[in-house]
Each structure stands twice: as C-alpha cells, then as structure tokens.
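Take a look at the letters that make up each chain.
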Amino acid sequence: MRNHLIILLFCVPLVSWAQSNVYNPGNKRPQVRNYQEVDERPMHFGFTIGFNTMDFHFKNDLSHIISDSLTADVTVLKPGFHVNIITDYRLGNNLSARFLPGLNFGQRNITYWKSDGSYDADMLIESNLLDFPVLLKYKAKRINNYRPFVIAGGNVRLDMAAKRKYDENEEVYVRIKKLDYYYEFGFGIDFYSMYFKFSTEFKYSVGLRNILTNQPEERHPQYVNVIDRLNSNLFLVSFHFE
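Chemist: Can you tell me about the pattern of salt bridges, naming the residues and giving the values?
Modeler: Using the criterion set out here, one finds 13 salt bridges in the structure. When the shortest N-O distance is used, the salt bridge between Glu 242 and Arg 98 registers 3.2 Å. Pair noted here: Glu 242 is in the segment after β10 (227–241) and Arg 98 is in strand β4 (residues 95–99), with a separation of 144 residues, a long-range link. Note on Arg 98: relative accessible area 2%, which makes it buried. Between Glu 217 and Arg 219 there is a salt bridge whose closest N-O contact spans 3.1 Å. Note on Glu 217: relative accessible area 10%, which makes it buried. Among the charged side chains, a salt-bridge network with shared partners connects Asp 39, Lys 137, Arg 147, Asp 190 and Lys 197.

Chemist: Summarise the pairing of strand β8 (residues 179–192); cite the residues concerned and give the values.
Modeler: Look at any regular strand and the pattern is simple: side chains alternate between the two faces of the sheet. Taken together, the 13 bridges between strand β7 (residues 146–159) and β8 define a ladder with antiparallel strand orientation. Residue pairing across strands places Phe 149 opposite Gly 188, the latter belonging to β8. Alignment of β8 against strand β9 (residues 197–207), held across 11 bridges, turns out to be antiparallel. Directly across from Tyr 182, in β9, lies its bridge partner Gly 207. Once β8 ends, the chain turns through 4 residues before running back antiparallel as β9.

Chemist: Talk me through the side chain of Asn 34; I want residue IDs and the actual numbers.
Modeler: Position of Asn 34 relative to the elements: it lies in the loop between α1 (2–22) and β1 (43–60). A polar atom in the side chain of Asn 34 sits 3.2 Å from the backbone oxygen of Tyr 192. Among all residues touching Asn 34, those that are not within four sequence positions of it are Arg 142, Asn 145, Tyr 192, Ser 193 and Met 194.

Chemist: Can you explain the nonpolar core? Please cite residues and give values.
Modeler: Ranked by internal contacts, the top residues of the largest apolar core, which has 22 residues, are Phe 56, Ile 110, Tyr 112, Met 123 and Val 174. Going through the elements one at a time, β1, β2 (70–77), β5 (102–114), β6 (119–139), α3 (222–225) and β10 are the ones with two or more residues in this core. Counting residues in hydrophobic clusters, the runner-up holds 6 residues, among them Phe 202, Tyr 204, Phe 235 and Val 237.

Quick notes on the rules
- Residues numbered from 1 in each chain as written.
- Predicted model: local features only at pLDDT ≥ 70, side-chain atom pairs only at ≥ 80, totals over all residues.
- Heavy atoms only, no water.
- Salt bridge = Lys/Arg side-chain N within 4 Å of Asp/Glu carboxyl O.
- Helix = DSSP H or I, 4+ residues; strand = E, 2+ residues; numbered from the N terminus.
- Buried < 20%, exposed > 50% of the residue type's maximum accessible area, 1.4 Å probe, protein only.
- Pairing = 2+ DSSP bridges.
- Polar contact = N/O pair within 3.5 Å; in protein donor to acceptor, adjacent residues only side chain to side chain.
- Contact = heavy atoms within 4.5 Å.
- Core = buried A, V, L, I, M, F, W, Y, C linked by side-chain atoms within 4.5 Å.

Functional significance is not addressed by these values, which are geometric in nature.
Structure (structure tokens):
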C-alpha cells in the first residue's frame, strides 16, 4: 500500500501541471474545443484497457506465529491487466454515474518466513476477476481540451480462479473466496480529441471481506493457520476511450 500511495502522490502534481499548462492567457490564438457533444449526451459508451497490481493486506495470527514459527507477507508486486466496457450516465454538468463491467487478471505471491528470518515457501495465488464497478465521476471545469476529475464508488468482484479444493500438484496450500466487495477512489484527466475522448485514470481499490478460506490443507495447515485475516487491494491504471 505504501508504494501505491507514493505513486498517487507523485501523480497529483501532474494533474495540477496539466491545468496550468493548458491555460495560457498570453496565447492569442483561440483554442478549438474538440468533441464537446460527448459531455452533453444523456448516455454514452466506451471501453477501457489498463494494467494493475494486486496486493494482500495481512493480519497474522500471533498464537500460530509462535507455535508454527512462520509469518506471511506479499513481498513482490506483479503486474496484471484489465479490460472494461463503459456506460456513462450524465447526472449534471459536472457529475456522471458510470458502470464498467469487465475482466481483471493478475496474481499475488505470498512469501512465508521462519522465525529466524530465513525463507520457508511461496504460494502463488492467481486471480481472474469479473468486475462490476459502479462509480460517481465528478469533473472539474473544462479547460480547452482537458478536464481533471475524481471518482469514487463500489465494486463487486468474482474470482473465477478461486479453487474449491486443493490441488496436490500445484503445492499451493492457501485458498481464497470467490466473492469480494470493494470501495474505490481515484483521479484522472480527460483529453478531448477530434473524434473521441481519451482519459488516464489512477484508482485504488480496497477489499472489505476476509477472503481467506479457513480450511487448511490437512498436511500443511500452518500456511493458513498463521493468517488471521486476508484482505485484497488493487491499484489500477486505466486508459478510457469514449
């Protein structure tokens, strides 16, 4: 999560720079406003492509850490990607509601450490998520062909890669639940071209459920027992075409 916040803080000045850079009182040439009709439509559509990093927030079980001499954490974030379909409902001059169903692919690697600090094992958790986000998008005043915005809302995700039972061949002794709920927030900039609107968006998604399946594998129960609670977090960078 610390890395995600650093990225967000780094991107905030970019939004401010874009606003100040496009507004230049000394520029005497009139600025042509592209594709103004998209913001006047009651509803419009588009699509999204982007990439993500998936993470877990751990609450380790102290009693089992002592007895099993293990702790768990995600030490390396691996990139994934996502695609979505956009349906945007205009609620006002500066506000719209958005529904973006899609697919989200990624993975997380849980690393286990022994009490003496030495490495014990890795558990690779793959996720193929069906996304059903509903978001509110608040847009600032348009400056020429740029318009900053913020977003917030909720998301329901179904993990189609979540397994019902352990696979002996994979040697992965942790299972997660299929269903999870998230709250999401972020920001971005709309760029208006002649024939479409292109947007860059940075979003953080925080899982609300404990998605750890509390049914350990019989021969290796320690890998589940040392974790008391497991929450899912995602950081997404999206490119919208509307």
